[in-house]
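Architecture at a glance
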Amino acid sequence: MSRGRLLAVLIALVLSLAVVPTAFASGTDVKVGDVEATVYAPSVVWQATNSHVVVKLVNRGSKPATVEGLFKFPEGKDNQFTYGTKSPNTAPKDGDTKTLKDLKPGESKYIAFTYITPKGNAQLGMYTANLTLKVDGASQTIPWTFDIRTGAVFIAQTDSIVYMIYAVSAAMLVFWFAYFKLFVNKKFNILAGEEA
Amino acid sequence: MATVSATGVGVKPWSLGEGTSFGTRVKDLGPGAFVAATFIGSGDIATGGTAGGAFGFGYWWAYWVTCATAWFCLDVVSRYYLVTGKAGVSMFRSIPKIGWFLALFIGLFGVYYGVGNVTSQFSASAWAVTGVFPQMDYVLAAGIVAVLCMALIWIGNYAILDKVMSLMLVAIIGSFFAAAFATGVNLADAARGMIPAGDPAGGFSNNFQAIAGTNINGAAVLLFAYTLMERGNRPEDLKGQARFLSFARSNALLGSFGAVLVSFALLGVINQVIYPYGIIPRKPEDFAILIEPVAGPWAIPIFSLGVLAASLSSALGNGMIGAYVTCEYFLNKPVKSNNIHFKIVYIVNAVIAGVIVMVKIDPIFLKTITSMMNASFFGVVGLVLAYWAGSSKLGYFRNGSSIPLWALTILTIVVAGYVGVFNLGGYFGLKF
């Protein structure tokens, strides 16, 4: 690549960063009372893989607002999920509530429902969960439709995998020792060094 | 027996001032692209997720430090190759008294890279394929990836492999930068990340180990000598060797700092999309589903394409170093990729790796182990390379009185000592 072309590529990279930083940004926008909300949630979730629902809230009114978010798992299918990182992490049948108090006029804050995880044996297919946002007397329910796909099946402890990989590597070293010593380089000596 | 080039005797190190122009250097970055594509694997994505999810751009300085160390290691490997005409295992076997033991260590890790590391990369590749083609079965995807890699190796044409790896490096950088453009990058945060700062979550040791483990992949360091050797144009005269070194150093720059470039895009995405919510993405799939809400539905296939290119190129590169090292260890001489034993070693190792992948182990454990193994490996590789950097046996290409080279030697000893003690000590029950 010539120097001129390389320089052009570098300039294009830098300009791209400055000019199109949020060109593809998207989310589901709703307005509840005076509060604008943008809901970010994935459309594809793998078995045994965490997913998160993040809600950006902006108060467009003239007085402080309290926002209450209720996340409900797909009806009758809450037993297909775990929720949160603390044990027990059973998904609550009635959902989970997050409250944001005193969102000042013009202020922007987030609430998030994190570590929503389909179990390793969760049924595959489309699911719909619901997020309800309440601001003072107003209320909006936003459906979250997502596709659960096949994920990891064997979730072992790190130690057991380490030992398995070590055992396989050691066994393969022995295998290659036999292969080379018997068929390729009979003079191979494991204790031999080399003079630099 | 390794022989030191007689042409450098009596000439003051680095006194010739020979080099090649910038234009000449950037025309041929094949070996550097090969190494960069091997360096950047699924572990970078997992590590970036952990470090970035915990501290945004806060650990970016660690990428620069570890990549500077990686550059120096590639430089020493080039110098050793220029002087002796030899590659990886020879550097260990020719250390006085303990050479046989170090060679055995490298032999074991060669097999590990051929099987264990390739398992991890096959697994990540298979997940990525199912991200791009959602209807495809995971086991089928893993099988296709494994067969593709084995077929490329069986062809035995290094020029083709070189082009494939360069193409995948472009795909890796393009894909991750596309994700970064979509989510936006906070340049001020990136600039602040260049200055070391305390991690409020107190995760420095673990994160630094992981970053070092992915950025200073000891296997990829050794791979560099073999990629130079595959080209087969090592000059015999000192001036020619000095010019060749400037070419090798430019390639080393791409090989090592390619990871910094990719980390900029990855940490940029994490800093914007994930870090504000305190979520720690651990797997490529986590990334894809976290980015999608902000970047749009196209994010999963685009990001998966990057993961696929990173994993596939690492499966090829790490598997190749496994085969190079295993063959050199048992044959007492390096071989090229068209050697039948090289092909057999790669393919048999890949078959074993493929079988392990079919068990569907959670990829995060595989990646954690890969980073840990890389760091353990580097604890030994870094110290051996530091030994050679200062050794008079490198003649004209020894460190001599070069202050920058000695500074990098000390940095390498510190980093290798730290990650080596941390990781190898863990096997003996030491906790840090």
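Residues numbered from 1 in each chain as written. Chains lettered and ligands numbered in written order. Predicted model: local features only at pLDDT ≥ 70, side-chain atom pairs only at ≥ 80, totals over all residues.

1. Focus: unusual backbone geometry
All names here are of chain A. We note that Asp102 has phi near 55 degrees; this positive angle belongs to a residue other than glycine. Within the element layout of this structure, Asp102 appears in strand β7 (residues 96-103). If you check the backbone angles, Tyr115 has positive phi at about 60 degrees while not being a glycine. With respect to the helices and strands, the residue Tyr115 is situated in strand β8 (residues 108-118). (Helix = DSSP H or I, 4+ residues; strand = E, 2+ residues; numbered from the N terminus.)

2. Remarks on the packing of helix α2 (residues 30-39) of chain B against helix α12 (residues 238-273) of chain B
Residue and element names in this part refer to chain B. Where α2 contacts α12, the two axes come as close as 7 Å, and the packing angle between them is 20 degrees. The orientation of α2 relative to α12 falls into the category roughly parallel. Seen from above, α2 lies across α12 with right-handed handedness. Within the contact between the two elements, α2 uses Pro31, Gly32, Ala33, Val35, Ala36 and Phe39 and α12 uses Ser250, Asn251, Ala252, Leu253, Leu254, Gly255, Gly258 and Ala259. Partitioned by chemical class, the residues of the contact of α2 with α12 number nine nonpolar, five polar and no charged. (Axes fitted to C-alpha atoms, helices over the stretch in contact; angles between N-to-C directions. Parallel < 35°, antiparallel > 145°, perpendicular 65-115°, else oblique. Left-handed = near helix turned anticlockwise from the far one by under 90°. Contact = placed C-beta atoms within 7 Å. Nonpolar A, V, L, I, M, F, W, Y, C, P; charged D, E, K, R; others polar.)

3. Thoughts on helix α8 (residues 158-183) of chain B
Taking 1.5 Å as the rise per residue, α8(B) with 26 residues should run 38 Å; its terminal C-alpha atoms sit 38 Å apart, in good agreement. Phi turns positive, to about 90 degrees, at Gly184(B), one or two residues after α8(B). (Expected span 1.5 Å × (residues − 1).)

4. Brief notes about the sheet that holds strand β9 (residues 125-135) of chain A
Residues and elements named next belong to chain A. Pairing is mixed across the open sheet formed by five strands, whose spatial order is β3-β10-β9-β5-β7. In this open sheet, the two edge strands, each paired with only one partner strand, are β3 (44-46) and β7. For this sheet, the mean inter-axis angle between neighbouring strands, taken without regard to orientation, is 25 degrees. By the bridge criterion, three bridges tie β3 to strand β10 (residues 138-149) in an arrangement that is parallel. (Pairing = 2+ DSSP bridges.)

5. Some remarks on the confidence of the model for chain A
Low pLDDT marks regions whose predicted coordinates should not be analysed in detail. Residues and elements named next belong to chain A. Averaged over all residues, the pLDDT of chain A equals 82, while 78% of them reach at least 70. Put simply, helix α1 (residues 3-19) is where chain A has its lowest mean pLDDT, 56, and strand β5 (residues 65-72) is where it has its highest, 96. Low pLDDT, under 50, characterises residues 17-25; the predicted model gives this stretch 15 contacts beyond four residues in sequence or across chains. (pLDDT = per-residue confidence, 0-100.)

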